[in-house]
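Below, each chain spelled out in residue letters.
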Number of protein chains: 2
Amino acid sequence: MRTVEKALKLLDFFDERHPVIGLSALARMSGIDKATVLRMLGDMAAAGLVEQDPASREWRLGAGILRLSRLREAAFPATGVLNPILARLAEATGEPAHASLRAGRDLGTIGVVESARSNRVYIEPGLMLPLHATASGVAYTAFARPELRAEVLARPLAAFTGATPTDGATLSARLEEARALGYACADQTFEDEVFGIAMPLFGPDGFACGALAVATPVARLTPDLQARVLAALAGAAREATQGMGGHVPDHHRIAA
Amino acid sequence: MRTVEKALKLLDFFDERHPVIGLSALARMSGIDKATVLRMLGDMAAAGLVEQDPASREWRLGAGILRLSRLREAAFPATGVLNPILARLAEATGEPAHASLRAGRDLGTIGVVESARSNRVYIEPGLMLPLHATASGVAYTAFARPELRAEVLARPLAAFTGATPTDGATLSARLEEARALGYACADQTFEDEVFGIAMPLFGPDGFACGALAVATPVARLTPDLQARVLAALAGAAREATQGMGGHVPDHHRIAA
DNA sequence: CCTGTCGGTTCATTATATACACCAGTGTTT
DNA sequence: AAACACTGGTGTATATAATGAACCGACAGG
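Residues numbered from 1 in each chain as written. Chains lettered and ligands numbered in written order. Predicted model: local features only at pLDDT ≥ 70, side-chain atom pairs only at ≥ 80, totals over all residues. Heavy atoms only, no water.

The next point concerns the overall build of chain A. Scanning chain A for helices and strands turns up nine helices and nine strands. Relative to a compact globule of 256 residues, whose C-alpha radius of gyration would be 18 Å, chain A shows 19 Å and is just as compact. Expressed along its principal axes, the backbone C-alpha trace of chain A runs to roughly 55 × 40 × 35 Å. Here chain A, with 256 residues, has 50% of them falling under the buried criterion. Of the contacts made within chain A by residues no fewer than 6 positions apart, 57% connect residues no fewer than 24 positions apart. (Helix = DSSP H or I, 4+ residues; strand = E, 2+ residues; numbered from the N terminus. Rg over C-alpha atoms; globule rule 2.2 N^0.38 Å. Buried < 20%, exposed > 50% of the residue type's maximum accessible area, 1.4 Å probe, protein only. Contact = heavy atoms within 4.5 Å.)

Okay, here's the thing in structure tokens:
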């Protein structure tokens, strides 16, 4: 594997449960030799992607990421546009809403607004959403560039729950359904007890660049709630696409 | 040079003036062969650090950065804490305020709040602030870990204006002055006509981890304005340090 | 038609990354 | 106290992965 790719994969070991990681632990997690990991961390630290706590000698994501993030937001506003839309969406539906954009192979969650309820789905910040196993992923893939659809179908499809589509035929049917409806649903395909409803966000080229989604506990899902969510999502997704400078293609129609 | 380091240096060519860059242009700017740059971009795209516009084939910073940024903010809130403080600081002083944190060799600007005035200093988003040539850099370096001070003094000091301190003795005096005063001033040492006033932000270990600064056009700087800025900065910096979980060391006293 | 530039690919050469062994420091357990 | 199991970090021979010149097809302008 390419060295740069390997080094950057180290970043993926940092998440909500592992905000700081020691050298040996990171080497163990990644299966890469300690000496190599250390050199990679040093290189990434020089770019500000990671930084080392001088006291504990543990590593964490670096402030350079915040700088790059600001830089990207200045050129292509996404977070700034999406957050207020997510807030209204969560308010209107009473369930947490989240937005994700293509980042590498999968969708990276870049915005989450929780709902006020106590029993609600928890969406981890920065969670990666697999394209075949989430409502967002299916909604995105269905309206992404055709090459991507073929590529996703060719990949091995990991099972996250018993309901995860793991064969190309099933996934292909889901994608067709999403294209017909204009949105995608995921009934516990990624996490048990969680039902996801998602609509694509479009880029300037008329192809999907991400998704907007609402997640509810299956126990609370009623036809009425689903209808309300869809109505709110449709407006929110259109607004989000326009706000980011995207273009909703003519063929994209929401079943009302 | 290490391959990973070289690859990540490519990210630094993206700024406000160059939000998207083509392959050949990036190769030219970096002095690295086209083929190598392409492979590096591919690896970084797999991690979501960059992405390619499918239409124009040009490259830009990727959405994965937004994801990582959220992840870091969830673990170590900085932007979220600093922005409201910056807003109040800009409001109180009438001049733009900015915050920066250590990112690699220099300070990376991670938050800027402009003032309402028409004639004001413009701070580019994501700008890197050299440690020896800016008020923020001097304030940070003066209160950073001693090893860092030695390292900075050992580096060659680039001149940005005629007033930039380029020899160790001058810089060393500036650092001593900053340590005595508790803040640093920069009279056109980075940009002509710009006067910067900065105070350090402290980490949990009692050493500086960044800086909070106000920039004014030299023409407008009066003793009165400087006093107002210093008063506002002192409160803001203390608040910011505490908000990020840092610890203001006992020896750090602000001359009132 | 010629020319310059673009993004991208190929492949022999070589420079770079790798992993083993090792070191020093620290905290636990015996 | 002594042995042990960790930790973060270093040095170096070996092998792997990075490199860059040449090349390709496409496109734009003169």
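What follows deals with the protein's contact with DNA strand D. Surveying the vicinity of DNA strand D reveals 18 residues, the closest of which are A:Thr3, A:Ser24, A:Arg28, A:Arg57 and B:Arg39. Backbone atoms, meaning sugar and phosphate, make up 69% of the atoms of DNA strand D lying within 4 Å of the protein. Measuring from a phosphate oxygen of DNA strand D, one finds a backbone N or O atom of A:Leu23 at 2.9 Å. In the environment of DNA strand D, a base oxygen lies 2.6 Å from a nitrogen or oxygen atom belonging to the side chain of A:Lys34. (Near = heavy atom within 4 Å. Polar contact = N/O pair within 3.5 Å; in protein donor to acceptor, adjacent residues only side chain to side chain.)

A word on the domain arrangement of chain A. Split by domain assignment, chain A resolves into domain 1 (3-62) and domain 2 (76-243). On a C-alpha basis, the centres of domain 1 of chain A and domain 2 of chain A stand 30 Å from each other. (Domains from an automatic or database assignment.)

Before going further, it helps to spend a moment on the relation of the copies chain A and chain B. Rotating chain A by 180° and moving it 0.0 Å along the rotation axis overlays it on chain B with an RMSD of 0.0 Å. The relationship between the two copies is best expressed as a two-fold rotation axis. Taking C-alpha positions as reference, the residue of chain A nearest the rotation axis is A:Val4, located at 2.6 Å. Of the residues that chain A buries at the interface, 100% are likewise interface residues in chain B, meaning the two copies contact each other through the same surface. (Least-squares fit on C-alpha atoms with pLDDT ≥ 70 in both.)

This brings us to the protein's contact with DNA strand C. Residues in close proximity to DNA strand C total 18 residues, the closest being A:Arg39, B:Thr3, B:Ser24, B:Lys34 and B:Arg57. A distance of 2.5 Å separates a phosphate oxygen of DNA strand C from a polar side-chain atom of A:Arg39. With respect to DNA strand C, the backbone of B:Leu23 contributes an N or O atom lying 2.9 Å from a phosphate oxygen. Counting only elements with at least two residues in the surface near DNA strand C, the list comes to helix 1 (3-9) and helix 3 (34-46) of chain A together with helix 2 (23-30) and helix 3 (34-46) of chain B. At four residues, helix 3 of chain A tops the list of elements feeding residues into the surface near DNA strand C. Residue classes in the surface near DNA strand C are distributed as five nonpolar, six polar and seven charged. (Nonpolar A, V, L, I, M, F, W, Y, C, P; charged D, E, K, R; others polar.)

Attention shifts here to the sheet that holds strand 2 (residues 50-52) of chain A. Residue and element names in this part refer to chain A. Spatially, 1-3-2 is the arrangement adopted by the three strands of the open sheet, whose pairing is antiparallel. In this open sheet, the two edge strands, each paired with only one partner strand, are strand 1 (20-21) and strand 2. Strand direction decides the pairing type here: strand 1 and strand 3 (residues 59-61), joined by two bridges, are antiparallel. In the strand pairing of strand 3, Val20 is matched with Arg60. (Pairing = 2+ DSSP bridges.)

All names here are of chain B. Of all eight residues in strand 5 (residues 106-113), seven are buried, a share of seventy percent or more. Where strand 4 (residues 97-103) meets strand 5, seven bridges bridge the pair, whose relative direction is antiparallel. From the neighbouring strand, Ala97 faces strand 5, where its bridge partner is Val113. Counted along the chain from strand 4 to the antiparallel partner strand 5, the turn is two residues long, and its residue Gly104 has a positive phi close to 75°. In this sheet, strand 6 (residues 128-129) lies alongside strand 5 in antiparallel orientation, the contact comprising two bridges.

What follows covers the packing of aromatic side chains. Under the defined criterion, the tally for this structure stands at four aromatic pairs over all chains. Ring plane angle 80° and centroid distance 5.8 Å describe the contact between A:Phe143 and A:Phe202, whose orientation is recorded as edge-to-face. One end of the pair, A:Phe143, is in helix 6 (residues 135-143); the other, A:Phe202, is in strand 8 (residues 194-202), with 59 residues separating them in the sequence. With a centroid separation of 5.0 Å and an interplanar angle of 65°, the aromatic rings of A:Phe160 and A:Phe190 are classed as edge-to-face. Here A:Phe160, found in the loop between helix 7 (146-154) and helix 8 (168-181), pairs with A:Phe190, found in the loop between strand 7 (184-187) and strand 8; they are 30 residues apart in sequence, far enough to count as distant. By relative accessible area, A:Phe160 is classed as partly exposed at 41%. Directly above the ring of B:Phe76 sits A:Arg60, whose terminal nitrogen or CZ lies 5.1 Å from the centroid. (Phe/Tyr/Trp six-rings, centres within 6.5 Å; stacked < 30°, edge-to-face > 60°. Lys NZ or Arg CZ within 6 Å of the ring centre and 35° of its normal.)

Below, the discussion takes up the sheet that holds strand 6 of chain B. The strands making up a sheet are joined through hydrogen bonds of the backbone, oriented either antiparallel or parallel. All names here are of chain B. Taken in spatial order, the six strands of this open sheet run 6-5-4-9-8-7, and their pairing is antiparallel. In the strand order of this sheet, the two ends are held by strand 6 and strand 7 (184-187), each with one partner. Examined bridge by bridge, strand 8 (residues 194-202) and strand 9 (residues 208-217) share nine bridges and lie antiparallel to one another. Across the sheet, the residue bridging to Met199 is Leu212, located in strand 9. Against the sheet, helix 6 (residues 135-143) makes contact with strand 4, strand 5, strand 6, strand 7, strand 8 and strand 9, and its axis sits at roughly 30° relative to strand 8, the strand it touches most. Lying on the sheet, helix 9 (residues 223-243) is in contact with strand 7, strand 8 and strand 9; it crosses strand 8 at an angle near 25°. (Axes fitted to C-alpha atoms, helices over the stretch in contact; angles between N-to-C directions.)

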